[in-house]
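Survey of secondary and tertiary structure
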Amino acid sequence: MIEAIQSLRQQSAQISPPVVALLLSILLFLAGGLINPNFLNVAQAVNIVRLASFLGIIAAGQTLVIISGGEGIDLSAGAVVTLGAILTFRLSSGQNDMILPALLVVLAVGAVIGFLNGVGIIVLQVPPLVMTLGMTGVVQGTILVLTQGELIGNMPPLLGRLIAEPLILGIPGVVILWVLVGLGMWLLLERTTYGKQLFAIGVNRTAARLSGVRVPFIVILTYTLSGVLAAFGGFVLLGFTQTVFLNLGGPYQFPAIAAVVVGGTVLSGGKGSYWGTMSGALVLTLIESLLRALQLQEAYKLMTLGITLVVLISIYGRQRSVRQ
Amino acid sequence: MNTVSLSARNVTKRYGGVVALSDGNLDVQSGEVVALLGANGSGKSTLSKVITGVIAPNEGRLHLDGRAVTFSSPQAAKSVGITAVYQELSLIPDMTVAENIWLAHEPRRWGIAVDHREMRARTQDLIALFAGTVQSSLHPDALVNSLPPDERQVVEILKALSLQPRLMILDEATASLDSRQVARLFELIAEWKRQGMAIVFVSHRMDEIFRVADRATVLRNGASVGDRVISETTEQELVELMIEGMVAPDSVQGGQLAPDAPVRLQVRNLHTDLLKGISFDLHDGELLGLGGLQGQGQSDLLLALFGAIPCGGQVLLSGQPAHFSHPQQAMQRGLAFVPGDRATEGVLLIRSILENLQLPSWRKYGFPLNMVRARADAGQVAQELSLVMESLDAPVSSLSGGNAQKVVLGKWLLRNPRVLLLNDPTKGVDVRTKVEFYALLNRLRAAGTAILFYSSDDEELLSLCNRVLVLHDGRIRAELAGETLNHANLVSASMGTTNASNGYE
């Protein structure tokens, strides 16, 4: 009997964090049904996945940066999301045929910001935390200069239809887009030389260098990709919010990092996955929706969210020690 | 010092389904040195960690001075006078030598404030034990991260000694030491024996075991398989006990170099911060040895050739200039490098064996990566190296030291290198793997690979190489070949004496 329990415990310890997160999100969804029977239906499920999509797409770049190790983190992602949305809003001015040109500009601007982050970290040896925090200020300042405080522009109607409204079989466009991003990220991480080298530099930069990996190039490329993906996140988010404001992306900054960590990507680098981040985004969105369904005050909501995260991560920590 | 006796009986340790130790037995008492022998993964470290309280056994008994004891922590073992020196260092790099040695048992004034003067004085006394074998830069206030590996190991030994142990376990503690430091350590061990200390000596170096130990306990696959009195046994007998079923490692004889072998690597006046002008030729199919004490520039030479550190001078590869600013360039020109520190420079511990083997080669599998081919290629190399593993997807951290080292070498074999640079590749590797390793080097050499081979083990250089360059203080002190290649010349050149020189000042 005792042996049976022990073996069960050992088996459960071998489940990977992404699976834990995914199971947890299903559990949370069912728990939502207990609190409020209206919670348990397809429309609600679709809505939650739709909300999670935005967080998930914004967290894609963060996943790469955290895997790259060396205390890697991109605190400028939130500001870049805002900039991406504002640029799309302004450049397209509500014209459908301007969506594509606007997108290209947005991606290029994201790339430049990410590239500068990477150069600061590699060439000037500024710690990622400080470099990207500084970059947040620069981007926010740029937004103010660009807009002069006035947010002129409009959202192209087509963008709203493509993103927010049901596209195929009642599934919103953004969810389909998220799945495509997921596929792309899997390819990037698991089936490209870049992906393999990214994990390598995350574990041990000396060993990677002595195996022929150009560490500075990979780091700069990673921060550049993070900038591109954050800017793309802003573009997508605009399709949902339909309008822009100066702190549009800010509220996504820390949930995006949390989604990466809840999904089992290790903060010290070298280990993780994007499908983990996707599960993490689902968990965070569900917790948030549940707390809203409970009609808790904002203060209690924040406290519960924080405590849940700490508990979840401590379970992962325990798992690791069991395995050693 | 009081007398002490410790006996471990039928000790078992399981990790999940893996049995690390199935029947560990060890007896040791005051005034004797017991060598603990076994191939990697045979349970030596597990047994010593049970004795020092680092891990709790599943079954078995420990008797100290005749009474049954259990240790809940390393502190519990230390409090009764049992301590260990490990190969993987436990020092804190950003603290001074004195702070490291006295960490957690600092001498105190009135039982409260740390008595720094006393601490420095006592540290000075400890360092004096190794006087003449360490540089003057090793002093109580030196930061540990400013010390070379051998001196860090000395500090580690002094740290254990500062606890005034009754039983000390030296687990591969000589692997990073040079021959003078080893000799000094053995003198000290003789002294400690006289004072009544009991010593357990874990080492892969057979000559050291015969120099220092009184008895040997042999472990194989987690169980004690034999106990021998050193003066009544032979190297051969012990090795056979360790690797029953395998052919004992007679020294692998190096093949002769073809007289017309073309020069692959031509090095002229190479210099770095440490190297002061190195010149030599390396031929196709040659296994050229690099000898000398630790830290005389051997690592720098290999790193500079591989493009990992900046250097001046001229290097020609097959007649073409070969001055690399990044290892990737060296790699593309057919160079390969096995670094000296496996864990920090060689492998990605938490990543899979597959990813470690393919790290330098992913590019050739296209986009998307052809994983079927990558896996097949890696599997082939793993088989060629007889890698003992669960699967290619298991992390390298699950491998024994010898097998992890095979992975480091294996990743280069996948690229068919023309020049192989080896930085002490058999350090801390078990006998069995060493033998496989020598055979592999001979195969590579026969196939025309040019190999530059640094080893801290003199026997290895003497038995494998036709020619050895002895480095001292950043220069080639002697070139030994043919008749001049013998142990006496190797040692005297290592010490910087010139009587063995052959065309060098």
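Above this note sits the structure.
Note that the structure is predicted; figures quoted are calculated from it, not measured.

Here is what the cut-offs are and how they apply
The residue count restarts for each chain, going from 1 along the sequence in the order it is written. To read the labels, note that chains go from A and ligands from 1, taken in the order they are written. Where totals are concerned, whole chains, interfaces and linings use all residues; where local detail is concerned, this predicted model gives features only for residues with pLDDT of at least 70, and gives and counts side-chain atom pairs only at 80 or more. Based on all heavy atoms of the structure, the side-chain values leave hydrogens and waters out of the count. Going along the chain from the N terminus, every DSSP run of H or I of four or more residues is numbered as a helix, and every run of E of two or more is numbered as a strand. What the globule rule says is 2.2 Å times the number of residues to the power 0.38, and the radius of gyration is computed from C-alpha atoms. A 1.4 Å probe rolled over the protein chains alone gives each residue an accessible area, and that area as a share of the maximum for its type sets the label: buried under 20%, exposed over 50%, partly exposed in between. It only takes one pair of heavy atoms within 4.5 Å for two residues to be counted as in contact. What sets the accessible areas is the Shrake-Rupley method with a 1.4 Å probe; for residues, cover comes only from the shown protein chains. Charged-residue counts in this description rest on Lys and Arg as positive and Asp and Glu as negative, His and the chain ends being excluded. Where a charge sits is defined by one atom per residue type, namely NZ (Lys), CZ (Arg), CG (Asp) or CD (Glu). Angles here are taken between N-to-C directions and fall from 0 to 180 degrees, while the axes themselves are lines fitted to C-alpha atoms, restricted in helices to the stretch in contact. Any angle that is under 35 degrees is reported as roughly parallel, and any over 145 degrees as roughly antiparallel; angles of 65 to 115 degrees are reported as roughly perpendicular and all others as oblique. Residues are sorted three ways: Asp, Glu, Lys and Arg are charged, Ala, Val, Leu, Ile, Met, Phe, Trp, Tyr, Cys and Pro are nonpolar, and all the rest, Gly among them, are polar. Strands pair, by our definition, only if DSSP identifies at least two bridges between them. Patch definition: residues with relative accessible area over 30% and no salt bridge; like charges joined within 9 Å; nonpolar side chains (Val, Leu, Ile, Met, Phe, Trp, Tyr) joined within 5 Å. Salt bridge, as used here, is a side-chain nitrogen of Lys or Arg placed within 4 Å of a carboxyl oxygen of Asp or Glu. Multiplying one less than the number of residues by 1.5 Å gives the expected span of a helix. As used here, buried area is the combined drop in accessible area, with a 1.4 Å probe, of two parts when they are placed together. For this analysis, a polar contact is any N or O atom pair within 3.5 Å, provided that within protein one partner can donate a hydrogen and the other can accept it, and provided that sequence-adjacent residues contribute only side-chain to side-chain pairs.

Turning to the overall build of chain B, a few remarks are in order. Each helix and strand counted, chain B has 17 helices and 22 strands in total. Taken over C-alpha atoms, the radius of gyration comes to 24 Å for chain B, in line with the 23 Å a tight globule of 505 residues would show. The principal-axis extent of the C-alpha atoms belonging to chain B is close to 70 × 50 × 45 Å. Sorting the 505 residues of chain B into buried and exposed places 56% on the buried side.

Looking only at helices and strands, chain A has 14 helices and two strands in total. In terms of overall size, chain A behaves like a compact globule, its C-alpha atoms giving a radius of gyration of 20 Å where 324 residues would be expected to give roughly 20 Å. When the backbone C-alpha atoms are referred to their principal axes, chain A occupies close to 70 × 60 × 35 Å. Here chain A holds 324 residues, and 50% of them are scored as buried. Contacts in chain A between residues at least 24 apart in sequence constitute 77% of all its contacts with a sequence separation of at least 6. When the accessible area of chain A is evaluated, it comes to approximately 14,700 Å², of which 70% is carbon and sulfur surface. With 15 positive and 9 negative side-chain charges, chain A shows a separation of 10 Å between the mean positions of the two kinds.

Residues and elements named next belong to chain B. Along the chain, Arg 120 turns up in helix 4 (residues 116-128). Judged by relative accessible area, Arg 120 falls into the partly exposed class, the value being 37%. Between the C-alpha atoms of Arg 120 and Leu 335, which are 215 residues apart in sequence, the distance is 47 Å. Here Arg 120 is in contact with Pro 140 and Asp 141, once residues within four sequence places are set aside.

Let's shift gears to the packing of helix 8 (residues 173-190) of chain A against helix 9 (residues 193-203) of chain A. All names here are of chain A. Where helix 8 contacts helix 9, the axes come no closer than 5 Å and their chain directions differ by 70°. Accordingly, the angle class assigned to the pair helix 8 and helix 9 is roughly perpendicular. For the pair helix 8 and helix 9, contact is made by Leu 188, Leu 189 and Glu 190 and by Tyr 194, Gly 195, Lys 196, Leu 198 and Phe 199, respectively. A breakdown of the residues in the contact of helix 8 with helix 9 according to their chemical character gives five nonpolar, one polar and two charged.

What follows concerns the pairing of strand 12 (residues 223-229) of chain B. Residue and element names in this part refer to chain B. Here strand 11 (residues 215-220) runs beside strand 12; their pairing, made up of six bridges, is antiparallel. For Val 218, the partnering residue across the bridge sits in strand 12 and is Gly 226. Hairpin connection from strand 11 to strand 12: two residues lie between these consecutive antiparallel strands, with Asn 221 at a positive phi of about 50°.

Residue and element names in this part refer to chain B. The strand order 18-19-20-15-21-22 describes an open sheet built from six strands, whose pairing is mixed. In this open sheet, the two strands that pair with only one neighbour each are strand 18 (335-338) and strand 22 (475-481). Along the sheet, successive strands turn relative to each other by an average axial angle of 20°, direction set aside. As defined by bridge partners, strand 18 adjoins strand 19 (residues 419-423) across four bridges and the pair is classed as parallel. When the bridges of strand 19 are listed, Leu 335 appears paired with Val 419. Of the strands in this sheet, strand 15 (287-291), strand 19 and strand 20 (450-454) are in contact with helix 15 (residues 431-446), which crosses strand 20 at around 145°. Most of the contacts of helix 17 (residues 487-494) go to strand 21 (residues 467-472), to which it runs at about 25°, and overall it touches strand 21 and strand 22.

All names here are of chain A. Residues Leu 34, Ile 35, Leu 294, Leu 296, Tyr 300, Met 303, Ile 307, Val 311 and Ile 315 make up a contiguous nonpolar surface patch of about 880 Å² in total accessible area. The set of elements that each furnish at least two residues to the nonpolar patch consists of helix 2 (17-35) and helix 14 (298-323). When residues of the nonpolar patch are assigned to their parent elements, the largest contribution, five residues, is made by helix 14. Tracing the backbone shows Tyr 300 in helix 14. For Tyr 300, a relative accessible area of 45% corresponds to the partly exposed category.

In this section: helix 14 (residues 401-413) of chain B. Residues and elements named next belong to chain B. Between its first and last C-alpha atoms helix 14 spans 19 Å; for 13 residues at 1.5 Å apiece the expected length is 18 Å, and the two agree. Counting buried positions over the 13 residues of helix 14 gives twelve, a clear majority of the element. The set of residues buried in helix 14 consists of Gly 402, Asn 403, Ala 404, Gln 405, Lys 406, Val 407, Val 408, Leu 409, Gly 410, Lys 411, Trp 412 and Leu 413.

What follows deals with the interface of chain B and chain A. Across the boundary between the two partners, chain B contributes 32 residues, which contact 24 residues of chain A. When chain B packs against chain A, close to 2,300 Å² is buried across both sides, 61% of that on carbon and sulfur atoms. It is His326(B), Arg351(B) and Leu359(B) in chain B that bury the most area against chain A; as a group they hold 22% of the surface buried on that side. Joining chain B to chain A, the criterion identifies one salt bridge. At the boundary of chain B and chain A, one finds nine residue pairs in polar contact (both at pLDDT 80 or more). Elements with a minimum of two residues in the side of chain B that touches chain A: helix 10 (327-332), helix 11 (342-346) and helix 14 of chain B.

With that settled, consider the packing of helix 8 of chain A against helix 13 (residues 274-293) of chain A. Residues and elements named next belong to chain A. Where helix 8 meets helix 13, the closest approach of the two axes is 9 Å, and the angle between their N-to-C directions is 145°. Here Trp 178, Val 181, Gly 182, Met 185 and Leu 189 of helix 8 lie close against helix 13, whose contacting residues are Tyr 274, Met 278, Ala 281 and Leu 282. Residues that form the contact of helix 8 with helix 13 fall into these classes: eight nonpolar, one polar and no charged.

Across all of its chains, the model carries 26 salt bridges over all chains by this definition. Between Glu288(A) and Lys301(A) there is a salt bridge; the shortest N-O distance is 3.7 Å. Residue Glu288(A) is located in helix 13, and its partner Lys301(A) is located in helix 14; the two are separated by 13 residues in the primary sequence. Of the charged contacts in the structure, one is a salt bridge between Glu118(B) and Arg122(B), with a shortest N-O distance of 2.8 Å. Of this pair, Glu118(B) and Arg122(B) are both found in helix 4, four residues apart, which corresponds to roughly one turn of the helix.

All names here are of chain B. As for its position among the elements, Lys 406 is in helix 14. In this structure Lys 406 comes out as buried when scored by relative accessible area, which is 6%. Excluding residues that lie within four positions of it along the chain, Lys 406 makes contacts with Leu 385, Ser 386, Leu 387, Thr 433 and Glu 436.

All right, on to the environment of Pro18(A) then. Residues and elements named next belong to chain A. Checked against the element boundaries, Pro 18 lands in helix 2. Looking at Pro 18, the relative accessible area reads 8%, which means it is buried. Sequence-wise, Pro 18 and Val 260 are 242 residues apart; in three dimensions their C-alpha atoms are separated by 9.9 Å.

Residues and elements named next belong to chain B. One open sheet accounts for four strands, arranged 14-13-16-17; its pairing is antiparallel. One side of each edge strand has no neighbouring strand; the edge strands of this open sheet are strand 14 (276-283) and strand 17 (320-321). Relative to strand 14, strand 13 (residues 263-271) runs antiparallel, the two sharing six bridges. By the bridge assignment, Val 267 is partnered in strand 14 with Phe 280. In this fold helix 9 (residues 298-305) packs onto strand 13, strand 14 and strand 16 (312-317), with an angle of close to 120° to the strand it touches most, strand 13.

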